[in-house]
Amino acid sequence: MSDASITIALDKKYAPVFIAVGAGLGFAAAAAVGPVVAWMLATVDGAPAPLRLVDQLPTTWAIPLLTLAGGVVGWFIFAVWGEEVGTVTVTHDDVLISGSKTSASFSREEIAEAFLDKDELVLLDASSRELSRTSSDGAVAQRLAAAFERFGYLWAGTTDPRDAQFTPWVDRSRDLEAHLHELLRRRRRAMADGRTGEAEEARDELLAAGIVVRDRGEQQQYRRVDR
């Protein structure tokens, strides 16, 4: 941190916790694999090959190997979490959001408010159109709030102030025009097929038409921008 900017990312102090938990689970697995394999052989007359292979290892090998493997898995999970959260750099003039695949900068003049919506960081302009919706986490909520407020941006909290305005999308309903339904269908198909670029294009077209869209599980929800 400096007087000129604040960068928020997942705190690395969590990494040893993930590693320790993973190592502990690996140690427990090494102790339990023998009884589990014996029970499976007696009950269903068979056990998965990886379990039988580990069971054949001497205890002096199995315990350190599985403990180490568990620690590595714990570190990997933390690393993936950190990539999903990404980094947010806040300055007096702009906000830079960096993820594992893309980065984007937003000027102070563009940003009317910022908040967390579930585990997503959202930036809105003055008409409540979304400038950005990116993965984040409640673990960095307090630091995000402090950074935005430190430089005079409006931080609206950890829930969407317009949450009640969102409506679950029902295809072909009379609440939306036909071309908006088509865009929401296209986005739904693209999301289901993992075509993120096409999903973003549909989102941008919806925004241009005054529709903000978000996901809740497998369901799309939408609201109209403020008039």
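Residues numbered from 1 in each chain as written. Predicted model: local features only at pLDDT ≥ 70, side-chain atom pairs only at ≥ 80, totals over all residues. Heavy atoms only, no water.

It is worth spelling out the packing of helix H5 (residues 178–192) against helix H6 (residues 196–208) at this point. With their axes 8 Å apart at the nearest point, H5 and H6 run at an angle of 155 degrees to one another. The pairing of H5 with H6 is recorded here as roughly antiparallel in orientation. Pair H5 / H6 crosses with left-handed handedness. Of H6, the residues touching H5 (which contributes Leu-180, Leu-183, Leu-184, Arg-186, Arg-187, Ala-190 and Met-191) are Glu-198, Ala-199, Ala-202, Arg-203, Glu-205 and Leu-206. (Axes fitted to C-alpha atoms, helices over the stretch in contact; angles between N-to-C directions. Helix = DSSP H or I, 4+ residues; strand = E, 2+ residues; numbered from the N terminus. Parallel < 35°, antiparallel > 145°, perpendicular 65-115°, else oblique. Left-handed = near helix turned anticlockwise from the far one by under 90°. Contact = heavy atoms within 4.5 Å.)

This brings us to the pattern of salt bridges. In a structure, side chains of opposite charge can pair up when their charged atoms sit close to one another. Applying the stated rule across the entire model yields 19 salt bridges. Between Glu-177 and Arg-224 there is a salt bridge, with the nearest N and O atoms lying 3.6 Å from each other. Here Arg-224 lies in strand E10 (residues 219–224) and Glu-177 lies in the loop between strand E8 (167–168) and H5, a separation of 47 residues in the sequence. On the accessibility criterion, Glu-177 (38% relative accessible area) is partly exposed. Where Glu-182 meets Arg-189, a salt bridge forms, and the shortest distance between an N and an O atom there is 3.6 Å. Through salt bridges with shared partners, a single network forms among Asp-117, Glu-120, Glu-130, Arg-133, Asp-163, Glu-200, Arg-203, Asp-204, Arg-214 and Arg-216. (Salt bridge = Lys/Arg side-chain N within 4 Å of Asp/Glu carboxyl O. Buried < 20%, exposed > 50% of the residue type's maximum accessible area, 1.4 Å probe, protein only.)

We now examine the sheet that holds E10. By definition, the strands of a sheet pair up through backbone hydrogen bonds, in either a parallel or an antiparallel sense. Ordered in space as E8-E10-E9, the three strands form an open sheet in which the pairing is antiparallel. Each edge of the open sheet carries a strand with a single partner, namely E8 and strand E9 (211–216). Sheet analysis places E8 next to E10, joined by two bridges and oriented antiparallel. Its bridge partner being in E10, Thr-167 is matched across the sheet by Tyr-222. Of the strands in this sheet, E9 and E10 are in contact with H5, which crosses E9 at around 35 degrees. (Pairing = 2+ DSSP bridges.)

Another point: the sheet that holds strand E5 (residues 113–117). The three strands are arranged E5-E6-E7 in an open sheet whose pairing can be described as antiparallel. Each of the sheet's edge strands pairs with one partner strand only, and the pair in question is E5 and strand E7 (130–135). The sheet shows a mean angle of 15 degrees between the axes of neighbouring strands, taken without regard to direction. Bridging between E5 and strand E6 (residues 120–124) involves five bridges; their strand directions are antiparallel.

As a further point, take the nonpolar core. Counting 26 residues, the largest nonpolar core has Val-88, Val-90, Val-95, Leu-123, Leu-144, Phe-148 and Trp-155 as the members making the most contacts within it. Only strand E1 (5–8), helix H3 (59–85), strand E2 (87–91), strand E3 (94–98), E5, E6 and helix H4 (141–150) provide two or more residues apiece to this core. Counting residues per element, this core draws most heavily on H4, which supplies five residues. Not counting chain neighbours up to four residues away, the residues in contact with Val-88 comprise Ile-6, Thr-7, Ile-8, Val-95, Leu-96, Ile-97, Leu-121, Leu-144 and Phe-148. Counting nine residues, the second largest nonpolar core, distinct from the first, contains Leu-176, Leu-184, Ile-211 and Tyr-222. (Core = buried A, V, L, I, M, F, W, Y, C linked by side-chain atoms within 4.5 Å.)

Worth remembering: the numbers are spatial, not functional.
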